[in-house]
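Secondary and tertiary structure notes
Now for the letters of each chain:
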Amino acid sequence: MSPASLIPVADTLTAPNGWFQFFLMLTFPLHLFAMNAMLGAGLVAFISHLYPGRAYHELSHQLAKALPFLVAFTVNLGVAPLLFVNVIYGHLLYSSTVLMGLYWLAVIPILIVAYYLTYIYDFSFRKLGNLAMFVLLVVLALLLTVGFIFSNNMSMMIAPASWSRWFATPGGTLLNLADPTLMPRYLHIITGSLAVGGLFTALYSTTLLKSTPEVSEVGRKLGMQLFTWLTLLQLGVGTWFLLSLPKATMLRFMGGSPIATALLVIGVLLAVATLLTGFKQLVLPTVWLTLPLVYVMSFMRDVVRGNFLAPYFDPTTVPVQVQWSPLIFFLMTLALGIGLVAWMLVRLKNTKKAC
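In this report, the structure presented in the accompanying data block is examined. Please read these numbers as outputs of a predicted model, since none were measured by experiment. (Residues numbered from 1 in each chain as written. Predicted model: local features only at pLDDT ≥ 70, side-chain atom pairs only at ≥ 80, totals over all residues. Heavy atoms only, no water.)

1. Looking at the overall build of the protein chain
To keep things clear, this is the line we draw: Secondary structure follows DSSP: runs of H or I at least 4 residues long count as helices, runs of E at least 2 residues long count as strands, and numbering of each begins at the N terminus. Throughout, radius of gyration means the C-alpha value; the globule benchmark is 2.2 Å times the number of residues raised to the power 0.38. Residues are treated as being in contact if the distance between any of their heavy atoms lies within 4.5 Å.
Looking only at helices and strands, the protein chain features 11 helices and zero strands. Going residue by residue from the N terminus, the α and β elements of the protein chain occur as α-α-α-α-α-α-α-α-α-α-α. Relative to a compact globule of 355 residues, whose C-alpha radius of gyration would be 20 Å, the protein chain shows 21 Å and is just as compact. Counted over contacts in the protein chain with a minimum sequence separation of 6, partners at least 24 positions apart contribute 82%.

Put into structure tokens, the structure is as follows:
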């Protein structure tokens, strides 16, 4: 059976594909920043539990207060890119989602439990005592499980050749475990997330916790150490991911495509630059270098997706029947949402000052 025969017909677009591609590449890194901060802050808080001393204990407590906000930001900032993926690749994503429906439906209850536990970790931090670190460990395990489910779905979406397994296992329990790119893909994004999350913790400590110098200093040191060593590890994991790709896709990053090759070179140079500033514990320069690095990695991910799908689907060939009103309504809602979030953050900052 030809894999192409299993792919449904793509829905008509209401605006030229380029608009949706632009907003996908604009909003997806924003979701990544929030997810990185969430995972990294959780890991630093957990490591801080293992160190003796009041400063580390207080650092865990301060990060506990931030975690519920970070989970909420991660989920909400993930809605927009998921919608744009659905618009462009909906017929592929819906198909892969049905194949692993049992796991996909489990994402929402897993997230609800993880979110609830972050509030328990925050509000009952002192009451829990040593048990607090185990509550946080469960939170991290649940969030990493959600990431693994997403990696399975996104990798199966671009591999229609694997869909025929459904005829032998039609219960919605398929995962993409036989795909050689799955584990390096998952570890690549998780390692990077934890590294950038360490950098977020260093920034958070040096700005919002500076009123308690001892806590601020241990947060900065721990966050920067996590960032630099995990970024170093990420170079190895990234190489593994690159080598796991099909040869035709890998060669595009090795000179086969000027754009893909340029993205890889820029990404490596930025990663090396962040290592130099990271080992010197320079927080702000590292932040400014990491921001474009995350965008470059997102574009490289898009190149990989396009090459996997090239034999089956070209988004630029989808028919367009222009209806601007849905996109305009989305943009107005997005602007309103950003304004409300900014207003809430200002209110939160002022409330903390008043306390």
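2. As for a nonpolar patch on the surface
For clarity, the cut-off: Within the patch definition used here, like charges are joined within 9 Å and nonpolar side chains (Val, Leu, Ile, Met, Phe, Trp, Tyr) within 5 Å, considering only residues with over 30% relative accessible area and no salt bridge. Here the Shrake-Rupley method, with its probe set to 1.4 Å, supplies the accessible areas, and only the displayed protein chains count as covering residues. Basic side-chain nitrogens of Lys or Arg form a salt bridge, by our definition, when they fall within 4 Å of a carboxyl oxygen of Asp or Glu. Throughout this description, buried means an accessible area under 20% of the type-specific maximum (1.4 Å probe, protein chains only), exposed means over 50%, and partly exposed covers the range between.
Judged by side-chain polarity, Trp19, Val320, Val322, Trp324, Ile328 and Met332 come together as a nonpolar surface patch covering roughly 580 Å² of accessible area. With three residues, the single largest contributor to the nonpolar patch is helix α11 (residues 324-354). As for its position among the elements, Ile328 is in helix α11. Under the relative-accessibility criterion, Ile328 is labelled partly exposed at 45%.

3. Concerning the layout of surface pockets
Formally: With a 1 Å grid laid over protein atoms only, a set of points is called a cavity when a 1.4 Å probe fits there but cannot get out and a pocket when it is open yet has protein on both sides within 12 Å along at least five of seven lines; lining residues have an atom within 4 Å of a point. Grid points are joined across faces, edges and corners, and a volume is the space filled by probe spheres set on the points. Following the grouping adopted for this structure description, the nonpolar residues are Ala, Val, Leu, Ile, Met, Phe, Trp, Tyr, Cys and Pro, the charged ones are Asp, Glu, Lys and Arg, and the polar ones are all others, Gly among them.
Roughly 970 Å³ of volume is contained in the second largest pocket. His31, Gly78, Leu82, Phe150 and Met154 are the residues nearest the centre of the second largest pocket, which is lined by 39 residues in total. Of all the secondary-structure elements, those providing two or more residues to the lining of the second largest pocket are α1 (17-50), α2 (54-99), α3 (101-123), α5 (131-157), α6 (182-207) and α10 (283-309). Looking at the lining of the second largest pocket, the element that brings in the most residues is α2, giving nine residues. Taken together, the residues of the lining of the second largest pocket break down into 29 nonpolar, six polar and four charged.

4. Remarks on the packing of aromatic side chains
Applied cut-off: Two rings from Phe, Tyr or Trp (for Trp, the six-membered ring) form a pair when their centres sit within 6.5 Å of each other. Planes less than 30 degrees apart are called stacked, planes more than 60 degrees apart edge-to-face, and all others tilted.
A full pass over the atoms with the stated rule returns 17 aromatic pairs. For the ring pair Phe20 and Phe84, a centre distance of 6.4 Å and an interplane angle of 45° mean the geometry is tilted. One end of the pair, Phe20, is in helix α1; the other, Phe84, is in helix α2, and 64 residues separate them in sequence. We note that Phe20, like Phe84, is buried. Ring geometry for Trp229 versus Phe279: centroids 5.4 Å apart, planes at 85°, classification edge-to-face. In this pair, Trp229 sits in helix α7 (residues 213-244) while Phe279 sits in helix α9 (residues 258-279), placing the two residues 50 residues apart along the sequence.

5. Topic: the packing of α2 against α3
Rule in force here: Think of each axis as a best-fit line through the C-alpha atoms, taken over the contacting stretch in the case of a helix, with angles from 0 to 180 degrees between the N-to-C directions. Working rule for angles: under 35 degrees goes down as roughly parallel, over 145 as roughly antiparallel, 65 to 115 as roughly perpendicular, anything else as oblique.
Where α2 contacts α3, the axes come no closer than 9 Å and their chain directions differ by 170°. One way to sum up the angle between α2 and α3 is to call them roughly antiparallel. Across from Ser60, His61, Ala64, Lys65, Leu67, Pro68, Val71, Ala72, Val75, Thr97, Val98 and Leu99 in α2, the residues of α3 making contact are Gly101, Trp104, Leu111, Tyr115, Thr118, Tyr119, Tyr121 and Asp122. The class makeup of the residues in the contact of α2 with α3 is 13 nonpolar, five polar and two charged.

6. With respect to the environment of Asp302
Relative to the elements of secondary structure, Asp302 occurs in helix α10. Residues Asp302 and Tyr186, spaced 116 residues apart in sequence, show a C-alpha to C-alpha distance of 15 Å. If we skip the residues at most four places from it in the chain, Asp302 touches Gln21, Met25 and Tyr89.

7. Looking at the packing of α1 against α10
Counted only if it meets this: Put simply, a crossing is left-handed when the front helix is turned counterclockwise from the back one by less than a right angle, and right-handed when it is turned clockwise.
Close contact between α1 and α10 brings their axes to 10 Å; oriented N to C, the two are set at 125°. By the angle between their axes, α1 is oblique relative to α10. The handedness of the crossing between α1 and α10 comes out as right-handed. Along its contact with α1, which presents Gln21, Leu24, Met25, Leu26, Phe28, Pro29, Leu30, Leu32 and Phe33, the element α10 presents Leu291, Val294, Tyr295, Ser298, Phe299, Arg301, Asp302 and Arg305. Class assignment of the residues belonging to the contact of α1 with α10 gives a composition of 12 nonpolar, two polar and three charged.

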